[in-house]
Amino acid sequence: SNTEQGKKLAAQAAIEYVPAGSIVGVGTGSTVNYFIDELAKIKNRIEGAVSSSEASTQRLKDHGIEVFDLNSVDSVPVYIDGADESNENLQLIKGGGGALTREKIIAQMAKKFVCIADETKLVDVLGAFPLPVEVIPMARSMIARELVKRGGQPVYRDGFVTDNGNQILDVHNLRIMEPAKLETELNDLPGVVTVGIFALRPADVLILGTADGDIRKIDG
Ligand code: DER
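Here the structure is a predicted model, which is why all the values come from computation and not from measurement. (Residues numbered from 1 in each chain as written. Predicted model: local features only at pLDDT ≥ 70, side-chain atom pairs only at ≥ 80, totals over all residues. Heavy atoms only, no water.)

The next point concerns unusual backbone geometry. Peptide bonds are mostly trans, and most non-glycine residues show a negative phi. Positive phi, normally seen in glycine, also occurs at Leu90, with a value near 60 degrees. Within the secondary structure layout, Leu90 lies in the loop between strand E4 (85-86) and strand E5 (92-93). The backbone phi angle of Asn173 is positive, close to 75 degrees, even though this residue is not glycine. Considering the arrangement of structural elements, one finds Asn173 in the loop between strand E9 (167-172) and helix H6 (179-187). Of the residues examined, Asn173 reaches a relative accessible area of 52% and is grouped as exposed. (Helix = DSSP H or I, 4+ residues; strand = E, 2+ residues; numbered from the N terminus. Buried < 20%, exposed > 50% of the residue type's maximum accessible area, 1.4 Å probe, protein only.)

Following this line, the structure appears as structure tokens:
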């Protein structure tokens with residue numbers, strides 16, 4: 001499909017941001033899976049990777065790429081990850097794949113966060129994609145009520161447990177006009193582990209693959 005083509009193009013273009021000899025930060029999702037396959041072609045030029053999910057870790061290992069514990073590195077030169085939505089300011093909605101917490105941890109460490117996506121992910125206003133919020137199980141209903149107060153329609157991702165043993169609320173019906181403000185507000189609620197808004201630390205570069213076979217780059 002056109003979006004798969006766009007994802008692959010963006011993933012291929014991201015390789016140029018990988019410094020030789022580096023430990024590469026790797027995100028999660030179908031677009032990142034294309035990136036991992038591209039990274040494997042240059043694996044003798046890199047030291048290894050740090051990963052935001054068990055799924056990406058397994059894929060990297062299957063390609064013979066060494067995966068390091070994040071605690072064993074003191075910096076991450078580049079982090080490559082997808083997004084569910086991005087606005088023009090490279091503020092993102094992430095977490096569709098449920099890996100938002102570890103993704104946000106590595107993004108925080110990364111010197112350069114390169115987001116890869118097909119062009120359909122670029123939107124004017126964030127929120128058409130339901131906002132993932134990772135929560136401590138006992139706080140789920142309390143946080144859901146807080147989200148309703150803010151105009152959201154939270155849906156429990158029933159049966160899903162994150163790599164960290166927590167649960168996810170997907171919040172529908174939000175139009176996020178001030179992403180950093182909402183991220184900060186929700187961060188402060190007891191029981192919220194991670195908010196799938198990446199605005200306080202947005203991407204540095206957004207690479208979009210288009211349906212007609214081009215790529216478009218937006219610098220933060
Ligand atoms: O869950 C995530 O944050 C993923 O990065 C997601 O936002 C993008 O997944 P996709 O590349 O499969 O669309």
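Strand order in the open sheet formed by four strands is E8-E9-E7-E10, with antiparallel pairing between adjacent strands. In this open sheet, the two strands that pair with only one neighbour each are strand E8 (153-156) and strand E10 (192-195). Along the sheet, successive strands turn relative to each other by an average axial angle of 30 degrees, direction set aside. Taken together, the three bridges between strand E7 (residues 131-135) and E10 define a ladder with antiparallel strand orientation. From the neighbouring strand, Val133 faces E10, where its bridge partner is Val195. With respect to the sheet, helix H4 (residues 100-109) is in contact with E7, E9 and E10, its orientation differing from that of E10 by roughly 65 degrees. Running over the sheet, H6 touches E7 and E10 and is turned about 165 degrees from E10. (Pairing = 2+ DSSP bridges. Axes fitted to C-alpha atoms, helices over the stretch in contact; angles between N-to-C directions. Contact = heavy atoms within 4.5 Å.)

Together, Ile136, Met138 and Val193 make up an exposed nonpolar region whose accessible area comes to about 300 Å². With respect to the helices and strands, Val193 occurs in strand E10. (Patch = residues over 30% accessible without salt bridge, like charges linked within 9 Å, V, L, I, M, F, W, Y side chains within 5 Å. Areas by Shrake-Rupley, 256 points an atom, 1.4 Å probe, with all protein chains shown as cover. Salt bridge = Lys/Arg side-chain N within 4 Å of Asp/Glu carboxyl O.)

A few words on the packing of aromatic side chains. In the structure shown here, the tally under the stated rule is one aromatic pair. Judged by centre distance (5.2 Å) and plane angle (50 degrees), the ring pair of Tyr79 and Phe113 falls under tilted. You can see Tyr79 sitting in strand E3 (residues 76-81) and its partner Phe113 sitting in strand E6 (residues 110-118), a full 34 residues away along the chain. Overall, Phe113 belongs to the buried group, its relative accessible area being 0%. (Phe/Tyr/Trp six-rings, centres within 6.5 Å; stacked < 30°, edge-to-face > 60°.)

Moving on: the UniProt feature "active site" (unreviewed entry) in the chain. Residues annotated by UniProt as "active site" (unreviewed entry) correspond here to Glu103. Mapped onto the fold, Glu103 is located in helix H4. Ignoring anything within four residues of it in the chain, the contact list for Glu103 reads Thr28, Ser52, Tyr79, Asp81, Lys94, Gly95 and Phe198. (UniProt positions renumbered as here; feature names shortened; annotations may be inferred.)

Counting 25 residues, the largest nonpolar core has Val24, Val26, Phe35, Leu39, Val114, Ile116 and Ile207 as the members making the most contacts within it. Among the secondary structure elements, those contributing two or more residues to this core are helix H1 (2-14), strand E1 (23-26), helix H2 (30-40), E3, E6 and strand E12 (205-209). With five residues, the top contributor of residues to this core is H2. In this structure Val114 touches Ala14, Tyr17, Val78, Tyr79, Ile80, Asp81, Val205 and Ile207, once residues within four positions along its chain are discounted. With 21 residues, the next largest nonpolar core counts Val123, Ala139, Leu174 and Leu182 among its residues. (Core = buried A, V, L, I, M, F, W, Y, C linked by side-chain atoms within 4.5 Å.)

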